[in-house]
Amino acid sequence: MKRKRFLGSLLGSPLLAAAAFPDETSRQSRISEADNWRIPPYLKPGDTIGITCPAGYLTESEVQPAIILLKSWGFNIRIGKTVGDRDFSFGGKDQERMADMQEMLDDPSVQAIMCGRGGYGMIRIIDQLDFRKFVEKPKWVVGFSDITIFHAHLNHQYRIASIHSKMCNSFPDHPELLEKGQWESILSIQTALIGKQIEYPVTYDAANRPGLGQGILGGGNLRTLENLAGTASDLKTEGMILFVEDVGEYLYSIDRMFYSLKRTGKLDKLSGLLIGAFRVKPDDPGDEFGKSVYNIVMEQVANYHYPVCFNFPVGHQKINYALKCGVRHELNISTEKVVFREV
Amino acid sequence: MASIFPPYLKAGDRIGIVCPAGFMAAERIVPCVNTLKSWGFRVKIGKTVGGVSSNYFSGTDEERLEDLQEMLDDEDLSAILCGRGGYGLSRIIDQVSFKKFRKSPKWILGYSDICLLHAHIYSNFEIATAHSPMAGAFMDAVPGDPYIGSIRSLLLGEKLHYSCDPHPFNRKGEVEGTLMGGNLTLLAHTVGGSSDFKTKGLILFIEDIWEYLYNIDRMLFQLKSAGKFQKPAAIIVGSFSELKDTERPFGQNAYEIIRDILSAYEYPVCYGFPVGHVKENFALKCGAEYRLKVGKDKVVLEEIQ
């Protein structure tokens, strides 16, 4: 949407300027004034969420808990053809996953797209997707892990916001059995989709580097980000509050990945750094790496002054709050607490 | 563009052994030292070989950097052979000074993590380096081992000439180009940074070990998306050894993955070339001009000029 047209619609609707929610009558995406990022329209009851599997496969029974819960939030569901489809580890062949995602991107009756699960496969189709209709009428795309590629692509190419969060495969059969943080992580997806301001409790970690930073939020899975270097989806991190997480990697690989970020200029101009969960693969006997994730990170950021937050509630773990990539946030780390909120 | 070639070695010249990445016990280089001496070379052993390090690395960043720097700057050295790879060059490469090395280049030999050094030197200075077995490989070598022997041939300036059997996936053709490449994970790691190199016109070779199949796929898609497969003269696929698969199988082996990704292009490709983390690992001159013939009955890679 052109800025001029947007301003015009504002003038026609004086109440909107003060409203916390986006314009519900025009259903247009907003432009974040300071950053020129576009924010898709937030969802309201009756809107439709499309479910698709652009990476790993998900069975029809595995998707049921997500359908039940999303419906209980007042949304309609459209199930993509890739749900229940399978080609080895993928949710269908490249062509099928691409076509399903394309249909979801283009369908005007779908207001948000939630990915079934991560796994691997997005990189195989991202360059074939046609974003023309999506760019005209942005909608929320929801997911993490391999879906980091989609968020990074929107960052690099279109500056359109998206939601980094748990996906359908994390929705529970029995919500009452979940730990508090895990259930709150699921609920935070709803909070993000309907446009409530984001502010999460962050456990204070003595390893944090205090400071105040404000910037567009972005990031995701570290290995995935490393392998986007040089591609059309390479994350642009200048001014950003960057978050990273990973699972199942050796410490030496994590170190190499941070050096990748450094050597491709992604660490020197941040407004803040959020270190999520790193469930590392134990060192092989005799090959002890000798540095923790904390050591690895602090070595990289020693020459910079932005705040660094450890133990941030994002990653392949029970607590994984929905984060709005492409939306401006504030990170305020003092000597006893962390405040992370949307601004 | 033709690369600068360090002077080849003659009897009496000195080779330094250094460990810029992973730790290596001192006794593991003995067979290498003996062989190099039997070839008529003198040997200088760096402080990082069999150092006191108790962790993964052969020394602290400062120690590894200092040892490598000393070797690069030592005018009495004609070549530097790395003890082993592992991981660690990324941590020091941007602190290495190539000032003296550029004025009087010497051969740098190694592979795996050492590919970062090859890529960096090729990309920034266009000086030829050697992708070859390292000191550890001499341990298991039998007398007359052709792969270890290829290191000697390279150092003495013999024109290198290798052949291997055809593979059903090969795409036939004959091309000439600059040879460059190495470990896929390291090549992916260089993209977008100061060691990244252009692949147009190259005979590009790739190999890897221990990775998950989906990661091999991901890195190949990265290189493809970054345009690295657009215009090389040809691609040589070495060994992809000891790969891992996920619980839900990936459904293709490494060569099938590569074949599918390269099906979008038309240049010659050969598979099963003796380069990689296996015994069959010929010394290759990165930055040198080669002719690759992928024929019906055999594959030949020969140095030209």
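Note that the coordinates shown come from a computational prediction; the quantities given were computed from them, not determined experimentally. (Residues numbered from 1 in each chain as written. Chains lettered and ligands numbered in written order. Predicted model: local features only at pLDDT ≥ 70, side-chain atom pairs only at ≥ 80, totals over all residues.)

Participant: Just checking my understanding: could you explain the overall build of chain A for this structure?
Facilitator: Of the regular secondary structure elements, chain A holds 9 helices and 15 strands. A compact globule built from 343 residues should have a C-alpha radius of gyration of about 20 Å, and chain A, at 19 Å, falls within 12% of that. Once the C-alpha set of chain A is aligned to its principal axes, its extents read approximately 60 × 50 × 45 Å. For chain A, buried positions account for 50% of its 343 residues. Within chain A, contacts between residues at least 6 apart in sequence are counted, and of these 79% link residues at least 24 apart. (Helix = DSSP H or I, 4+ residues; strand = E, 2+ residues; numbered from the N terminus. Rg over C-alpha atoms; globule rule 2.2 N^0.38 Å. Buried ≥ 20, exposed ≤ 12 C-beta atoms within 10 Å, placed from the backbone. Contact = placed C-beta atoms within 7 Å.)

Participant: What should I look at first to understand the sheet that holds strand β11 (residues 272-281) of chain A in this one?
Facilitator: Strand pairing within a sheet occurs via backbone hydrogen bonds; the two strands may be parallel or antiparallel. All names here are of chain A. Here we have 7 strands laid out as an open sheet, ordered β8-β15-β14-β9-β10-β11-β12, and mixed in their pairing. On the outer flanks of this sheet lie β8 (199-202) and β12 (308-309), each paired with one strand and no other. The sheet contact formed by strand β9 (residues 211-221) and strand β10 (residues 241-250) spans 5 bridges and is parallel. Across the sheet, the residue bridging to Gly218 is Leu242, located in β10. Most of the contacts of helix α8 (residues 251-263) go to β10, to which it runs at about 150°, and overall it touches β10 and β11. (Pairing = 2+ DSSP bridges. Axes fitted to C-alpha atoms, helices over the stretch in contact; angles between N-to-C directions.)

Participant: I keep staring at the domain arrangement of chain A and nothing clicks. Help me out?
Facilitator: It is common to give the size of an interface as the accessible area that goes away when the parts come together. All names here are of chain A. Under the domain assignment used here, chain A contains domain 1 (48-193) and domain 2 (199-342). Computed from C-alpha coordinates alone, the two centres of domain 1 and domain 2 are separated by 23 Å. The partner domain 2 presents 22 residues to the 30 residues of domain 1 that form the contact. Only α5 (148-158), β7 (162-164) and α6 (180-193) provide two or more residues apiece to the side of domain 1 that touches domain 2. Tallied by class, residues from the side of domain 1 that touches domain 2 come to 10 nonpolar, 15 polar and 5 charged. (Domains from an automatic or database assignment. Nonpolar A, V, L, I, M, F, W, Y, C, P; charged D, E, K, R; others polar.)

Participant: Sorry, what's going on with the interface of chain B and chain A here?
Facilitator: Contacts between the two partners involve 23 residues from chain B, matched on the other side by 23 residues from chain A. Listing elements by their share of the side of chain B that touches chain A, those giving two or more residues are α3 (89-92), α7 (184-190) and α8 (213-225) of chain B. Looking at the side of chain B that touches chain A element by element, the count peaks at 6 residues for α8 of chain B. Taken together, the residues of the side of chain B that touches chain A sort by class into 10 nonpolar, 10 polar and 3 charged.

Participant: How do you make sense of the packing of α8 of chain A against helix α9 (residues 293-301) of chain A when you look at a structure like this?
Facilitator: Helix-helix packing is characterised by the crossing angle of the two axes and by the distance between the axes. Residues and elements named next belong to chain A. Orientation of α8 relative to α9, taken along the N-to-C sense of each, is 20°, at an axis distance of 10 Å. The orientation of α8 with respect to α9, classified from their angle, is roughly parallel. Between α8 and α9 lies a crossing whose hand is right-handed. Each of Ile254, Asp255, Phe258 and Lys262 in α8 lies in contact with α9, whose residues at this interface are Val293, Ile296, Val297 and Gln300. Of the residues belonging to the contact of α8 with α9, the class tally is 5 nonpolar, 1 polar and 2 charged. (Parallel < 35°, antiparallel > 145°, perpendicular 65-115°, else oblique. Left-handed = near helix turned anticlockwise from the far one by under 90°.)

Participant: Is there a simple way to think about the environment of Leu261 of chain A in this case?
Facilitator: Residue and element names in this part refer to chain A. Tracing the backbone shows Leu261 in helix α8. Taking the C-alpha atoms as reference points, Leu261 and Ile51, separated by 210 residues in sequence, lie 32 Å from one another. Each residue touching Leu261, except ones within four places of it in the same chain, is listed here: Lys266 and Leu267.

Participant: For this particular structure, what's the right way to read helix α2 (residues 61-73) of chain B?
Facilitator: Because the α-helix completes a turn every 3.6 residues, residues three or four places apart line up on one side. Residue and element names in this part refer to chain B. Between its first and last C-alpha, α2 extends 18 Å over 13 residues, near the 18 Å set by a 1.5 Å rise per residue. Every buried residue of α2 is accounted for by Arg64, Leu65, Asp67, Leu68, Met71 and Leu72. In an axial view of α2, the angular spread of the buried residues amounts to 165°, which keeps them on one side of the axis. (Expected span 1.5 Å × (residues − 1). Arc of directions from axis to C-beta.)

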